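# Summary of the model geometry
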Amino acid sequence: MRSAKDFFAPLAVGAPAPLREIPARPSRAIHFFDPSNPKMAAKVPDMVGSVDVLLGNLEDAVKADNKLAARQGLVDIARATPDLGGGRGPTQLWTRVNALDSPWGLDDLTTLVTEIGDRLDVVMVPKVQGAEDIHYVDRLLAQLEAKAGLDRPILVHAILETARGMVNVEEICGASPRMQGLSLGPADLAADRRMKTTRVGGGHPGYLVRQDPVDGDIEGSRPTYQQDLWHYTIARMVDACAMHGIYPYYGPFGDITDVVACEDQFRNAFLLGCVGTWSLHPKQIAIANRVFSPAPEDVAHARRVVEAMGDGTGAVMLDGKMEDDASLKQCLVMVELAEQLAAIDPALKEQYDAIVTEASR
Ligand SMILES: CC(C)(COP(=O)(O)OP(=O)(O)OC[C@H]1O[C@@H](n2cnc3c(N)ncnc32)[C@H](O)[C@@H]1OP(=O)(O)O)[C@@H](O)C(=O)NCCC(=O)NCCSC(=O)C[C@](C)(O)C(=O)O
Ligand SMILES: [Mg+2]
């Protein structure tokens, strides 16, 4: 383990200094596209500005025969889209590289950092098992950044998709100052855990609790309540991320047609503390943007609590409810997020401002 004093030192001569704090850039939807798919690639330039993150996916869901085309496709898209990534506009550019033990992972990192490193905001690393995977990527990125003459560090996002990765979640989050966040990889994680599901994220009708029998009538009709298969995992991710000052995200919802259940799953993650999710199909972007932007009524309420709490200490009554230092802190989370989102989303700003005006009438 590095000494605390060395933690923020660059890992290669000439590499940029690591960030002390991970910027809270809006990332409600991380939209996946396959850069080797001409139809998808053609849609990317027009999506800039309407989605927080565009992610060129090189890993699973890209055919083995298309791996090199996807890597080159991402380089070409970045070069042809000047306002994408690298702080040049509101939309960030991320990539998901192939796994570290695959035949493509090393060349993905080498090519992307040296060719379009100034445009890449975050590299998502799949199937992270422990701190050793992050240490490897950390040093390699530093060497490549130095070679490419970059003046800003590229951040790292880990996908939790193995039982070992879950057990090591805290050490993964704290392994490098580059760590930006975590996403759930429900399909690989389910397989690795030997869960008996066949879906990509979402619930399962068999995972339920049943109401107790009335008068011992166990055969009688009794309501059942479907439970959230991912509650434990997401809650662990959220705590590990909060502890290390980085950001948790839900992940993929594979039933593209079931927009209702998708919204529910995203909202559970939002309420538990996640800042965003993945979008696999253009129609999931609007769902993610809606869910991961606090509702205008909640923002208006949070602002009223902040105002009523004055110097932030003591207890007050508002609408019959007690508010104190701790409820104020929750409201500040909501207000700060609303302000960050309003700064990049004029339609949302209008909604937040309109409801403030109404409340103050
Ligand atoms: C689901 C699929 C096959 C349906 O694709 P489709 O073509 O059948 O859909 P469509 O409704 O017919 O598409 C309409 C139009 O939108 C385009 N389109 C469609 N999708 C996109 C997109 N994402 N971005 C940009 N454009 C898109 C598509 O090309 C088409 O264009 P057209 O009108 O010109 O014909 C397709 O949307 C897709 O391949 N999405 C990405 C899938 C992906 O990235 N999967 C990997 C992440 S999940 C994962 O890896 C798991 C995890 C974490 O590792 C673990 O749990 O372990
Ligand atoms: Mg996976």
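Going along each chain's sequence as written, the residues are numbered from 1 onward. Each chain is given a letter, starting from A, and each ligand a number, starting from 1, according to the order in which they appear as written. pLDDT decides what is reported in this predicted model: residues at 70 or higher carry local features, side-chain atom pairs at 80 or more are listed and counted, and totals for whole chains, interfaces and linings draw on all residues regardless. Computation of side-chain values: all heavy atoms of the structure, hydrogens and water removed.

### Notes on the UniProt feature "binding site: Mg(2+)" (unreviewed entry) in the protein
As a reminder, the rule being used: UniProt positions are given in the numbering used here, feature names are shortened, and annotations may be inferred rather than shown by experiment. Helix and strand definitions follow DSSP, with helices as H or I runs of at least four residues and strands as E runs of at least two, each counted in order from the N terminus. What qualifies as a polar contact is a pair of N or O atoms within 3.5 Å, subject to a donor-acceptor requirement within protein and to the restriction that residues adjacent in sequence count only when both atoms come from side chains.
In this numbering, the UniProt entry assigns the feature "binding site: Mg(2+)" (unreviewed entry) to E161 and D188. Spanning 28 residues, the named residues form one tight spatial group whose C-alpha atoms are at most 5.1 Å apart. You can see E161 is positioned in the loop between β5 (155–160) and α5 (163–167). Looking at E161, its side chain comes within polar contact range of the main-chain nitrogen of K127, at 2.9 Å.

### Digging into the pairing of strand β2 (residues 53–57)
Here is the rule: Note on exposure labels: buried denotes an accessible area under 20% of the residue type's maximum, exposed denotes more than 50%, and partly exposed covers the range between, all computed with a 1.4 Å probe on protein chains only. Pairing between two strands requires that DSSP report at least two bridges joining them. With the strands pointing away from the viewer, any crossover whose connection runs clockwise from the first strand over the helix to the second is right-handed.
Summarising burial for β2: five of the five residues are buried, a large majority. Of the two faces of β2, the one holding V53, L55 and N57 and the one holding L54 and G56 are both buried throughout. Relative to β2, strand β1 (residues 29–33) runs parallel, the two being bridged by four bridges. By the bridge assignment for β2, I30 is matched with V53. Each parallel crossover has a hand, and for β1 linked through helix α1 (residues 38–47) to β2 it is right-handed. Bridge count for β2 against strand β3 (residues 92–96) is five bridges, and the pairing is parallel.

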